Every structure is written in C-alpha cells, then in structure tokens.
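A structural walkthrough
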Amino acid sequence: SRCTSCFRVIRYSIWRGRQMSLKKVYDKQPNEFTFNDSNLKLAEKILTKYPSKNKKSAVMPLLYLAQKQNQNWIPLAAMKYIARYLSIPYINVYEVATFYTMYNLSPVGKYFVQVCTTSPCLLRGADKITKICKEKISPKQNELENNKTCSWTEVECLGACVNGPVIQINEDYYEDLNDKNTIKIIDSLLNDKPLKSGSYRNRKNTAPETNKNLNGE
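Residues numbered from 1 in each chain as written. Predicted model: local features only at pLDDT ≥ 70, side-chain atom pairs only at ≥ 80, totals over all residues. Heavy atoms only, no water.

1. Observations concerning the nonpolar core
- By size, the foremost hydrophobic cluster in this structure holds 28 residues, and its most contacted members are Phe35, Leu62, Leu63 and Ile82.
- The set of elements that each furnish at least two residues to this core consists of helix H1 (37–47), helix H2 (59–69), helix H3 (76–86) and helix H4 (90–97).
- Top contributing element to this core by residue count: H3, with seven residues.
- Aside from chain neighbours lying at most four places away, what touches Leu63 is Ile74, Met79, Ile82, Val93, Val96, Ala97 and Tyr103. (Core = buried A, V, L, I, M, F, W, Y, C linked by side-chain atoms within 4.5 Å. Buried < 20%, exposed > 50% of the residue type's maximum accessible area, 1.4 Å probe, protein only. Helix = DSSP H or I, 4+ residues; strand = E, 2+ residues; numbered from the N terminus. Contact = heavy atoms within 4.5 Å.)

Laid out in structure tokens, this is it:
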C-alpha cells in the first residue's frame, strides 16, 4: 500500500515557480470535540509506541485520527482536546496542524480530491484532470461543491509517478487516469457512490501493463 500521509510543507514554499498558499482556519468552529470510544482506544494504543516522557511525539497521528473522525477536517476544539490529552501547550498542537498539508483546517466534504500536478503527472495529462475538477466540483480549489459532498485541490508529488496521472480521494489512490474515467470517478463521488480505487489500466501496483519482458518474449 502507498503512504497516504507524506509530509508536504505548506508555508510559502516555492515549487515549480509558484507560491503555495497558507491554509486558513475555518471561521465556523464547533464548541467541543472528544474522541469517540473506538478512537479513544486507538489513541491509547498509539501512546504505547512512545516513551511516557515523550507523549508529545504522538501529536501527528492523533491529529490524523481527529481528522478522520470529524469528516476530513480538524477544528480548533480538536487541537485543544489533543493538547490536554497529551499534557502539552495548545500552541504545540496548533503549529503542527497548520504546518502540514495532510491536515485540513476547514471542511473539505465527505470526499476530498487531491490532484497531483508535479511534472510526471502533468506530462501524462493532469492538466485535463484539474479542468474536470473545476467544471464538475468547483471553479476554485478548496471550495465545496454545491451539495457540500466534495472539494478538490492541487498537490505536489503523491509518490505514484509511474502510475500518473493520479488523484488521491481521502485515503485511496486512483491511478493511470484519463479524462473519460476521471469524469466517471468524479460523478460517482457527487452521487455518493464512489467507484473502486486502483489502476484504471488494470495494472497491479507499478507492474508493467503487459507481461512482455525486455527481450520481447
């Protein structure tokens, strides 16, 4: 399986000649947040991986856990809850949550579409995918579509260059795409009946598309 939590730096990084924007905290915040029973058990299990004197090391997986529980975004109440849970200053949680793009600070919908636009994917047609997202979801990135079902954004390398173009929807990768199957995938999200993830040229992981070897046999 692919790593879906690669850490892509957000703070005014210059990449491919463009400036990445700083994410804003959502203005409509819930008053409270607590882990549900199942996530509380997972949080306790996560803590066992770290020395008791270094509980703060668990801040990143706990933020990710909070995001999954709260429909793909992290409210300030969750950051404060995690700070209390780990007995660390709130600012230590806030600075991590606002630094990495893996954390969403505002609602992104039930389905969050991340389109890789690094060179390998662009060469294979990622520009067509972003155009489809603008037409089907919203004209601008990080804006919910009319039914609040999903949103989309461009990201730098998703680590699946050989399978480009590729998009990540929540935790799943959709690979080897073209404009036709991308439209079908986006439509399935808008109808709340997502199609299966994986290669859309029937490849297994990063294996060649045929069984023919280099000798042509």
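2. Some thoughts on the pattern of salt bridges
- Counted by the stated rule, this structure contains five salt bridges.
- With a shortest N-O distance of 3.3 Å, Lys68 and Glu171 are connected by a salt bridge. Taken as a pair, Lys68 in helix H2 and Glu171 in the loop between strand S5 (167–169) and strand S6 (172–175) lie far apart in primary sequence, 103 residues in all.
- Take Glu171: its relative accessible area is 36%, and that puts it in the partly exposed class.
- A salt bridge links Lys110 to Asp192, with the shortest nitrogen-to-oxygen separation between them at 3.0 Å. Here Lys110, found in the loop between H4 and strand S3 (111–116), pairs with Asp192, found in the loop between helix H7 (179–190) and strand S7 (198–199); they are 82 residues apart in sequence, far enough to count as distant.
- Judged by its relative accessible area of 40%, Asp192 falls in the partly exposed class. (Salt bridge = Lys/Arg side-chain N within 4 Å of Asp/Glu carboxyl O.)

3. Description of the side chain of Glu156
- For Glu156, the position within the fold is in the loop between strand S4 (150–155) and S5.
- Glu156 gets classed as buried once you look at its relative accessible area, which sits at 11%.
- One polar contact links Glu156 to Thr118, side chain to side chain, over a distance of 3.3 Å. (Polar contact = N/O pair within 3.5 Å; in protein donor to acceptor, adjacent residues only side chain to side chain.)

4. Points about the packing of H3 against H4
- Relative to each other, H3 and H4 sit at 130°, their axes nearing to 8 Å. The orientation of H3 relative to H4 falls into the category oblique. Between H3 and H4 lies a crossing of right-handed hand. Counted together, Leu76, Met79, Lys80, Ile82 and Ala83 of H3 and Tyr90, Val93, Tyr94 and Ala97 of H4 form the full contact between these two elements.
- Class assignment for the residues of the contact of H3 with H4 results in eight nonpolar, no polar and one charged. (Axes fitted to C-alpha atoms, helices over the stretch in contact; angles between N-to-C directions. Parallel < 35°, antiparallel > 145°, perpendicular 65-115°, else oblique. Left-handed = near helix turned anticlockwise from the far one by under 90°. Nonpolar A, V, L, I, M, F, W, Y, C, P; charged D, E, K, R; others polar.)

5. Some details on the state of the cysteines
- For the structure on display, the rule yields zero disulfides.
- Here Cys161 stays unpaired: no disulfide links it, and the sulfur of Cys157, its closest cysteine neighbor, is 3.8 Å away. (Disulfide = S-S within 2.5 Å.)

6. Considering the pairing of S6
- In terms of strand pairing, S5 meets S6 through three bridges, oriented antiparallel. Bridge assignment links Ile169 to a residue of S6, and that residue is Asp172.
- Between S5 and S6, which pair antiparallel in sequence order, lie two residues; one of them, Asn170, sits at a positive phi of approximately 55°.
- With two bridges joining them, S6 and S7 adopt parallel strand pairing. Bridge pairing links Tyr174 to Gly198 in S7.
- This β-α-β element, S6 to H7 to S7, shows left-handed connectivity. (Pairing = 2+ DSSP bridges. Right-handed = clockwise from strand over helix to strand, strands pointing away.)

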